[in-house]
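Chain and residue survey
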Amino acid sequence: MSDLRPNRRSTIKSLVLGSAAGFSANLPETADASALIELEQIDKWSRTHDRVWIGEEFWSNPMEDWRINDGWAQCQTSAEARSIHSVTRQITNVDESFAMSIELAQSVPLKNDGGAGFKLGVRSDINEFRSNCFAKNGINAGIIGNELVIGNARAALDIKPANSHVILSIIGARKDGNYILQMVASEPGTDKKLGQLQTQVPAQQLLGNVAVVSQFSGPKQRTGTPGYKFRNWLAGGNAFTHNSDQSFGPILWTMYTLSDSRAEDGFVLKLTAILGPVGTDDSADVELQVKHGDAWTTVGKAEIDQDSWTATHRIPNWDETTETPFKVIYQQEYKSGKPTVHEWAGTILPNPIGRPFRLAALTCQNDYAFPYAPVAENVVKMKPDMLYFSGDQLYENHGGFGVIRGPAKPAILNYLRKYYQFGWGFGEAMRHAPTVVIPDDHDVFHGNIWGESGAAMKDLERGTSSKGGYRQPAEMVNVVHHTHCSHHPESFDPTPVKQNISVYYGDLVYGDVSFAILGDRQFKSGPEHVDTGPGRADHVPDQDFDTNTLDKDGLVLFGDRQELFLREWANDWRGHSMKVLLSQTVLGGAATHHGGFKGYLKADLDSGGWPQTGRDRAVDIIRPSMALHINGDQHLASLIQYGVEKQRDSNWSFCTPAIAVGYPRWWRADDMNMPHKNRPKHGLAHTGEFLDGLGNKMYVYSVGNPDVATKRPRYQRAHQKGSGFGFVVIDTDRKTYTLNAYRFLCDPTDDAEKNQFPGWPLVIHQDENKGKNRVR
Ligand SMILES: [Fe+2]
C-alpha cells in the first residue's frame, strides 16, 4: 500500500537554484544563487483511486492509454509519445526561473526503451493551453537508457538505475537570451545523485505547456506492454502562471433542455453532467442544486452511468417562467485525506416567449481549429435561447493516437476523450443555454452513416464510408447516443433498433416553437443496394450517369418509425405556433464538388437527396408542419427551398456553416453548366431553381462556397475554408425566420455585410415552407 507510506519527496518544498545541480558558477550574475524556488506538488495520484481519469489539473494523451494504478499515473502501452499535460500551469514569463521534479520508472523492463521525462515549451500556433495539449513540438528533457537528455544535449549517467527509476529534477534560469537548463537524476529514497546535465536553449522556446512523456520514441502502434509510470510531480517558479480556472473536471461540462411535455409533467428540465471516467471506488452520484432567492436547494441526485460517465437529472414541473441559477456538485473521494468538492454552475434560462427566439445552429468541428474560440465566443456573445449542434462534434482523428474499433471498453474511452474536446471548446456556451446535440457519422467513427436500422456492418476490412450498418460495438454507439442526447426530452418511441442500439428521435417544445429531432440516417439503406458503376458505392462521378436507376423500391431514408413520428408532429399544434425540423443533413444534393475544387461528383448518396422516393415522401410529410429544416454535415452553408411536385412547393432548408471545415465542398452549378430557372433577384452565381444530380427539385437561394485553403494558422485557415455558424431568429408574432450565416472570423454584433456569407441574412415567412412564396 504505497499510498500510506509517507513520501519523502513530497516534503521537499524547494530547490536551491544552482546548488542542486552544482552549476552555480554558470548562473547569470543577476540570479541569486540562494533564491529558493517554491515547489508545489501538482498531482494527487498517490491518493487517487485506481481509475482512467487522472484528474482535473491534467490532460492525458490519449486518455485511454493512461490509468491511475496504485498511486502512479501509469501508461498502459510502450507505444511512443504518450503524455500528460498540466492544463493549469503554463510557462508564460520567460524572464523568470522555474523548476520541476517528478519520480518516474518503467512499469516493467522495456526492450524498446525510448525514455521518459519532461517536455517543455509545447505549444500550438496560438499558444493556448487547450490547443497546446495536442501540439507535437517541445523540448524533451528526461532519461533515455543510461543517459540524460535535454533536446540535443546528452550526458551519461554515473550510475544506471534499475528500470530507469529516478527522481528527475530540472531547473531553468534565464541568462541573456537563453535559459540555462540544469537537470539531475537522483535515486528515490536516498536522493543520491545519479547524473546531471546542463544546456542552454533560447528562452522563447520554453513558452507554452509542460508535460511528462512516456516513451519519447518507441513503437508506433499500441503494444500490450505498459510504458512508464509517474508520481509526485512538483512544479514552481515565477516563469509559471498557475490558473486553477483552467482545470477541466471532474465535471467537464453540462448540457440541458427544457421542454413543455404538454402533459402532467408540465415543463421538464433534463440536465446531464458529463464527468471524466472517475472510478468505481469514487463517488457514485452528482447532486443538482438550484437557487431561489438567496437560497440554494438540492433538487435531485443522479447516479453516474458507468459506461458513459454521465449523470442525468430529470425534473418535472419546472418553473419555466424565471431564470434559475443551477450548480451540479460532485464530491471526489480519495484513498486517504479529505474529499474535495467540485461544482459546475450555470443558468437555466426562462422559456423565451413574448419575444423572438434566438437559435445558434452549429455543425462539424474539425480539430485543426480547436478550440474554435472565435465561434465559441461569438455564440456566447449572441446570447442564444438555445444551441443546436447537428453532428460531427468530433472526427476520428481528433487528438491523434488513432481509432479503436473494439472491444467496446477501450473504444468507448477512445470516443469519450475526443468528445471531451467538444465540451472543452463549447462548455462555456452550453453552461448558460439549453442545448440540442445530435450525433452524425464521425461521432460513431464512420466516414458516412447508413444505419440500416442498427444492423452490424459486414465486410469490416473495406472502410466505413460506403457500407450500411454500424462498424463500432453497439455498446459504444449507445454511449455516443447517451453522451449526446441523454438531456433531450424522451424519444417519441424509445424501442431500440437492431443490436439493441438506442434511438433519440422525438420532439422538444420550447419558446412557442416545436422542434422535431431526427436521426435522419439511423434507418437509412446503405449504398450497396444500388449500382453506381465503378469506384465508391456511394459516389456518382459521371455527369452522364442516369441517377433515376438509383431510386429502387424498398430503399429507406427516414424509415417508417420516424415517418410515423413526423406525421404526428406535423399535425400536432398543441402549445406552440411554429416548427423547426432538426436533423443531420439536407434533403438534396447541394454540392457539385467534394474534397477538392475540381472533385466533381454528380451525386453523393450520403446526401438526404437519396433515395429520391424516400426524400420526396419525407418532404411531403413535413410540408404541413411549415417547418424550417436546419441541418449541417455538408461543410458548405446553403439556403435551399425543396420542391416535390414542382419547384418551390415545400419547406426551406438551412444547412449551416461548419464550425471548422475539414473536407471542403463547393456548389458550382454554373461552372458545370447545370440548367437553372428563376435566379433570385440578388443575381448571385450558382443560384436559382435546379434539379440536383439525383433529379430532386431544389431552389438554391444562396451558398457559402469556400476558398481553396492556403493559410496555416488555424483560425485563418478555418475562415478561408468557409467555416462559421448559423443563427436563426424565430419571430413567433410575425411568423418569420431570420436566417444568418456568420463567418468564422467576424463580430456578429455589428451589422457589417462582410460578417455573413453572400445571400444571407434572409427573412422567410412560416407559410413559405408550404410554397406560399414571397422570396424572389
Ligand atoms: Fe462533417
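Residues numbered from 1 in each chain as written. Predicted model: local features only at pLDDT ≥ 70, side-chain atom pairs only at ≥ 80, totals over all residues. Heavy atoms only, no water.

1. A few points about the overall build of the protein
Rule in force here: To qualify as a helix, a DSSP run of H or I must reach at least 4 residues; to qualify as a strand, a run of E must reach at least 2; elements of each kind are numbered from the N terminus. Throughout, the radius of gyration refers to the C-alpha atoms, and the reference size of a globule is 2.2 Å times the residue count to the power 0.38. The classification of residues rests on relative accessible area computed with a 1.4 Å probe and restricted to protein chains. Under 20% of the type maximum is buried, over 50% is exposed, and intermediate values are partly exposed. Only heavy atoms enter the contact rule, under which two residues are in contact if any of them lie within 4.5 Å. For every accessible area listed, the method is Shrake-Rupley and the probe measures 1.4 Å; residues are considered covered only by the protein chains on display.
Helix and strand content of the protein: seven helices and 43 strands. On C-alpha atoms alone, the protein measures out to a radius of gyration of 28 Å, which is about the 28 Å that the 2.2 N^0.38 rule sets for 776 residues. Across the 776 residues of the protein, 63% fall into the buried class. Counting only contacts in the protein whose residues sit at least 6 apart along the sequence, the fraction spanning at least 24 positions is 72%. Carbon and sulfur atoms make up 48% of the accessible area of the protein, which totals about 27700 Å².

2. Examining the coordination of the iron ion
Selection criterion: In this description, a donor is an N, O or S atom within 2.8 Å of the metal centre, a cutoff extended to 3.2 Å for sodium, potassium and calcium. Water is not part of the atom list, which can make sites seem incomplete. Each label reflects the angles at the metal, where four donors whose angles all fall between 85 and 135 degrees are tetrahedral, four or six donors whose opposite pairs open beyond 155 degrees and whose other angles stay between 65 and 115 are square planar or octahedral respectively, and the rest are irregular.
Within the first shell, the iron ion binds the protein through Cys 364 (SG), Asp 392 (OD), Tyr 395 (OH) and His 635 (NE2), at distances of 2.0 to 2.5 Å. Because the angles between the four donor atoms bound to the iron ion fall within 88 to 169°, the donor set is best described as irregular. Each donor residue of the iron ion belongs to the same chain, with the gaps between them written as C-x27-D-x2-Y-x239-H. Here Cys 364 is found in the loop between strand S26 (357-362) and helix H2 (373-381), whereas its partner His 635 is found in the loop between strand S35 (628-631) and strand S36 (638-643), with 271 residues between them in sequence.

3. Quick word on the pattern of salt bridges
The condition that has to hold: We define a salt bridge as a side-chain nitrogen of Lys or Arg found within 4 Å of a carboxyl oxygen belonging to Asp or Glu.
This model, assessed by the stated rule, comprises 38 salt bridges. Between Glu 343 and Lys 327 there is a salt bridge whose closest N-O contact spans 3.5 Å. Remark: Lys 327 occurs in strand S24 (residues 324-332) and Glu 343 occurs in strand S25 (residues 340-348); sequence separation between them is 16 residues. On the basis of relative accessible area, Lys 327 is assigned to the buried category, the value being 12%. Taken together, the salt bridges that share partners define one network made up of Glu 64, Asp 65, Arg 82, Arg 222 and Arg 417.

4. What to know about the packing of helix H5 (residues 560-571) against helix H6 (residues 612-622)
Packed helices, taken two at a time, are described by the angle their axes make and the gap between the axes. Basically, it comes down to this: Convention adopted: a line fitted to C-alpha atoms gives each axis, helices being fitted over their contacting stretch, and angles between N-to-C directions are expressed from 0 to 180 degrees. An angle counts as roughly parallel when it lies under 35 degrees, as roughly antiparallel when it exceeds 145, as roughly perpendicular when it falls between 65 and 115, and as oblique in every other case. In this classification, the charged set is Asp, Glu, Lys and Arg, the nonpolar set is Ala, Val, Leu, Ile, Met, Phe, Trp, Tyr, Cys and Pro, and all remaining amino acids, among them Gly, are polar.
The N-to-C vectors of H5 and H6 enclose an angle of 25°; their axes lie 8 Å apart at closest approach. Looking at the two axes, H5 sits roughly parallel to H6. In contact with Glu 563, Leu 566, Arg 567 and Ala 570 of H5, H6 contributes Arg 617, Ile 621 and Ile 622. When its residues are assigned to classes, the contact of H5 with H6 shows four nonpolar, no polar and three charged.

5. A look at the environment of Gly 688
Within the secondary structure, Gly 688 is located in strand S39 (residues 688-691). The class of Gly 688 is buried, set by a relative accessible area of 0%. A sequence separation of 13 residues divides Gly 688 from Tyr 701, and the C-alpha atoms of the two residues are 6.2 Å apart.

6. Overview of the environment of Ile 621
If you trace the backbone, Ile 621 turns up in helix H6. A residue is classified by how much of its surface remains accessible, and Ile 621, at 6% relative accessible area, is buried. Residues Ile 621 and Trp 569, spaced 52 residues apart in sequence, show a C-alpha to C-alpha distance of 9.6 Å. When residues no more than four places from it in sequence are discounted, the contact partners of Ile 621 are Glu 563, Leu 566, Arg 567 and Ala 570.

7. A few points about the packing of aromatic side chains
We apply this condition: Aromatic contacts are taken between Phe, Tyr and Trp rings whose centres are within 6.5 Å, Trp giving its six-membered ring; a plane angle under 30 degrees counts as stacked, one over 60 as edge-to-face, and the others as tilted. Throughout this description, the term charge over a ring refers to an Arg CZ or Lys NZ atom that lies within 6 Å of the ring centre and within 35 degrees of the ring normal.
Throughout the structure, instances matching the rule amount to 39 aromatic pairs. With a centroid separation of 5.8 Å and 15° between ring planes, the pair formed by Tyr 372 and Phe 426 is classed as stacked. Of this pair, Tyr 372 sits in the loop between S26 and H2 while Phe 426 sits in helix H3 (residues 408-431), and the two are 54 residues apart along the sequence. Residue classification places Tyr 372 among the buried residues on the basis of a relative accessible area of 0%. When the ring of Trp 652 is compared with that of Tyr 701, the centres are 6.1 Å apart and the planes differ by 65°; the resulting orientation is edge-to-face. Of the two residues, Trp 652 sits in strand S37 (residues 652-655) while Tyr 701 sits in strand S40 (residues 697-703), which places them 49 residues apart along the sequence. We note Lys 327 situated over the ring of Trp 296; from NZ or CZ to the ring centre the distance is 4.3 Å.

8. A closer look at H3
Because an α-helix completes one turn every 3.6 residues, residues spaced three or four positions apart along the sequence face the same direction. As a reminder of what qualifies: Expected helix span is taken as 1.5 Å per residue step, with the number of steps being one fewer than the number of residues. Two axes enter the definition of the bend at a residue: one is fitted to the seven residues ending there, the other to the seven starting there, and the bend is the angle between them.
Taking 1.5 Å of rise per residue, the 24 residues of H3 would be expected to cover 34 Å, yet its terminal C-alpha atoms sit only 30 Å apart, more than 12% below that figure. If you look at H3, its biggest bend is around 55°, right at Gly 425. Of all 24 residues making up H3, 21 are buried, and the element is well covered by its neighbours.

9. Quick look at the environment of Arg 648
Summarising the element assignment, Arg 648 is placed in the loop between S36 and S37. Judged by its relative accessible area of 6%, Arg 648 is buried. Taking C-alpha positions, Arg 648 is 75 Å from Asn 146, a pair spaced 502 residues apart along the chain. Not counting residues up to four positions away in its chain, the partners in contact with Arg 648 are Gln 641, Tyr 642, Gly 643, Glu 689, Tyr 699, Gly 771, Asn 773, Val 775 and Arg 776.

10. So, the sheet that holds strand S20 (residues 267-275)
We apply this condition: Note: two strands are recorded as paired if DSSP finds a minimum of 2 bridges between them.
With respect to topology, three strands assemble into an open sheet ordered S19-S20-S23, the strand pairing being antiparallel. Strand pairing shows two members of the sheet lacking a second neighbour, strand S19 (251-260) and strand S23 (310-315), which therefore form its edges. Across this sheet, the average inter-strand angle for adjacent strands is 15°, counted without regard to direction. Note: S20 against S23, six bridges, orientation antiparallel. Each bridged residue has a counterpart across the sheet, and for Ile 274 the counterpart in S23 is Thr 310.

Just distances and angles here, no functional claims.
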